[in-house]
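Residues per chain are reported as follows:
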Amino acid sequence: MLQSKNRIMLLVSLLLVGGFLLTSLASYFTSRASLRDEIAESTLPLTSDNIYSEIQRDLLMPIFISSLMASDTFVRDWVIAGERDPESMIRYLNEIQIRYKTFTSFFVSEQTGIYYHASGILKKIQSEEPRDQWYYRVREMAPVYEINVDPDLANQDALTIFVNYKVLDYEGNYLGATGVGLTVYAVKEMVEEYQKRYQRNIYFVDRQGRITLHSSGIADEAKSLQDIPGLAPLTETVLASETANLKYRRGGQDILLNTRYIKEFDWYLLVEQSEGETFRKIFAALLGNLVVCALITAIVLLITNYTINAFQKRLEQTATTDRLTGIHNRNAFEILYPQILAECRRSGTPFSMILFDIDNFKQINDSYGHLAGDAVLKALTELTGKNMRASDMFFRWGGDEFLLLLKGCNEAHASQMTEKLRLAVETRPVNYEGKAIAVTVSLGIAEALPGESEDSLLRRGDDALYAAKRNGRNRIELAKAE
């Protein structure tokens, strides 16, 4: 990972330094025709790429939030249980909207057709209603999510970027659609920023050529490409190509135009620049570009390094940490397990695995509620942490199932630790809202055999756990050799 980061930094350095020098010197020694080609083939597409990259970046978090909502056990269990408490879903959506600062959040049930929103029950969808066709499209599509731009009924039809994510039950059956929305004016602000920074007109059009968003360089009375002088004859060309470099005349000036299709919005992005403005500024900018080249490169590298470090740290934490308990999740296990096992084999030290889960956890949820179940999971995590060694690795395997990796620990030592943990859990009920919830766990122990594969050790540990449950629960079973 460090090598990849260094390669990225080196690549960014080379691109920045090389780009500044090449662009400045090439601009100085080339003719007006060469400069025109540079703008048409490189500069405008680069601006378009930057805008597209920032749109994709801004959509990463909403997509991730929608994915979490679609896979949230609360959402799925609530739907499977019959949607008996609509207020709990409304509170959930409101919490998502507040916590992640989204413009809107929603869930539409396949079973009842109810459109749940953070502000309450919005409506009941109907197949004959044109505004509800998005839902039936999502239900039938092959991908698990889509990005769509539509008016938001809950926010006075404000134009909104929706992430629509399929919700499936534990067997893959369709339960409904959920997700979040961002106001499209966030994109408009970015368009204005680019217009000020690069002195280029930027606007979006739909498949009919209607202007949906534009920078201040485009007159408000221009409603479509047909309303822009000189551009009307090129409308068909713009809408027929995913990307194009064009030129037209407007107001006595030659205008260079770059277009590209943005599939996430089903819109076209148009970036244009006047040749005359460019030629007046290019010579004045030449010497300045050379002087500040080194300074800008250093600043951008510092920002890039900071951004990569921050994003990498956040991404690693999100991908490898269980959100409820704060311990390692299954993704982390798949990364660390082979490394730890290989390390123990190289050093010749024993290695053991403990798999355990909460007995009758479903009854706890049914009797006390899912929040009580969450409290039990947190309490068990805290208690396990107090009864494990600093070198042990603790993972949430899934649901109410947990896993411990014990370096330098044989079966006998693991059995002592496991019995200590079992007794600690049995003798310490979990207090939740004044109620003492009795908790026990079933545990399976497996010590790595010489030459045993990773899958074989995991399978034996899993078999031992289920043997403990079959033999009465609240007990320990040792794995058998295959």
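Structure's up top.
Undergrad: What am I meant to see in empty space enclosed by the protein here?
TA: Think of a ball as big as a water molecule: rolled over the atoms, this probe shows where empty space is left. This model, assessed by the stated rule, comprises one cavity of 30 Å³ or more. Here the largest cavity defines a volume of roughly 40 Å³. Ile354, Thr384, Asn387, Met388, Leu404, Met417, Thr418 and Leu421 together form the lining of the largest cavity. By residue number, the principal contributor to the lining of the largest cavity is helix 12 (residues 411-426), which donates three residues. Classifying every residue of the lining of the largest cavity by side-chain character gives five nonpolar, three polar and no charged.

Undergrad: Explanation requested: unusual backbone geometry in the structure shown.
TA: Its identity is not glycine, yet Lys101 carries a phi of approximately 55°, on the positive side. For Lys101, the position within the fold is in the loop between helix 4 (86-100) and strand 1 (104-109). Phi angles above zero are rare outside glycine, and Asn474 is one such case at about 50°. Tracing the backbone shows Asn474 in the loop between helix 13 (454-470) and strand 18 (476-478).

Undergrad: Would you mind going over the packing of helix 9 (residues 330-347) against helix 13 with me for this structure?
TA: How two helices sit against one another is set out by the angle between their axes and by the gap between those axes. Close contact between helix 9 and helix 13 brings their axes to 11 Å; oriented N to C, the two are set at 110°. What the angle tells us is that helix 9 and helix 13 run roughly perpendicular. Facing Phe333, Tyr337, Pro338 and Leu341 of helix 9, the residues of helix 13 in contact are Glu454, Leu457 and Leu458. Along the lines of polarity and charge, the residues of the contact of helix 9 with helix 13 split into six nonpolar, no polar and one charged.

Undergrad: Any chance you could explain the pairing of strand 13 (residues 393-398) here in plain terms?
TA: Buried residues dominate strand 13, accounting for five of its six residues. Where strand 13 meets strand 14 (residues 401-407), five bridges bridge the pair, whose relative direction is antiparallel. If you follow Arg396 over to strand 14, its bridge partner there is Phe402. Where strand 13 folds back onto strand 14 in an antiparallel hairpin, the turn is made up of two residues, including Gly399, whose phi is positive at roughly 60°.

Undergrad: What is the right way to look at a nonpolar patch on the surface in this model?
TA: A cluster of nonpolar side chains, namely Val291, Val292, Leu295, Ile299 and Ile303, defines an oily patch on the protein surface of about 460 Å² accessible area. Residue placement: Ile303 occurs in helix 8 (residues 275-320).

Undergrad: Would you explain the side chain of Ser224 in this entry?
TA: Looking at the element boundaries, Ser224 is found in the loop between strand 8 (211-214) and helix 7 (235-240). Its relative accessible area of 15% is what places Ser224 among the buried residues. Setting aside residues up to four positions removed in sequence, Ser224 forms contacts with Gly209, Arg210 and Ile211.

Undergrad: Help me understand the environment of Asp463, please; the structure alone is not making it clear to me.
TA: Summarising the element assignment, Asp463 is placed in helix 13. Along the sequence, Asp463 and Leu355 sit 108 residues apart, while their C-alpha atoms lie 9.4 Å from each other.

Reading guide: rules and limits
Residues numbered from 1 in each chain as written. Predicted model: local features only at pLDDT ≥ 70, side-chain atom pairs only at ≥ 80, totals over all residues. Heavy atoms only, no water. 1 Å grid on protein atoms, 1.4 Å probe; cavity = no way out; pocket = protein on both sides within 12 Å on 5 of 7 lines; lining within 4 Å. Points joined across faces, edges and corners; volume = space filled by probe spheres on them. Helix = DSSP H or I, 4+ residues; strand = E, 2+ residues; numbered from the N terminus. Nonpolar A, V, L, I, M, F, W, Y, C, P; charged D, E, K, R; others polar. Axes fitted to C-alpha atoms, helices over the stretch in contact; angles between N-to-C directions. Parallel < 35°, antiparallel > 145°, perpendicular 65-115°, else oblique. Contact = heavy atoms within 4.5 Å. Buried < 20%, exposed > 50% of the residue type's maximum accessible area, 1.4 Å probe, protein only. Pairing = 2+ DSSP bridges. Patch = residues over 30% accessible without salt bridge, like charges linked within 9 Å, V, L, I, M, F, W, Y side chains within 5 Å. Areas by Shrake-Rupley, 256 points an atom, 1.4 Å probe, with all protein chains shown as cover. Salt bridge = Lys/Arg side-chain N within 4 Å of Asp/Glu carboxyl O.

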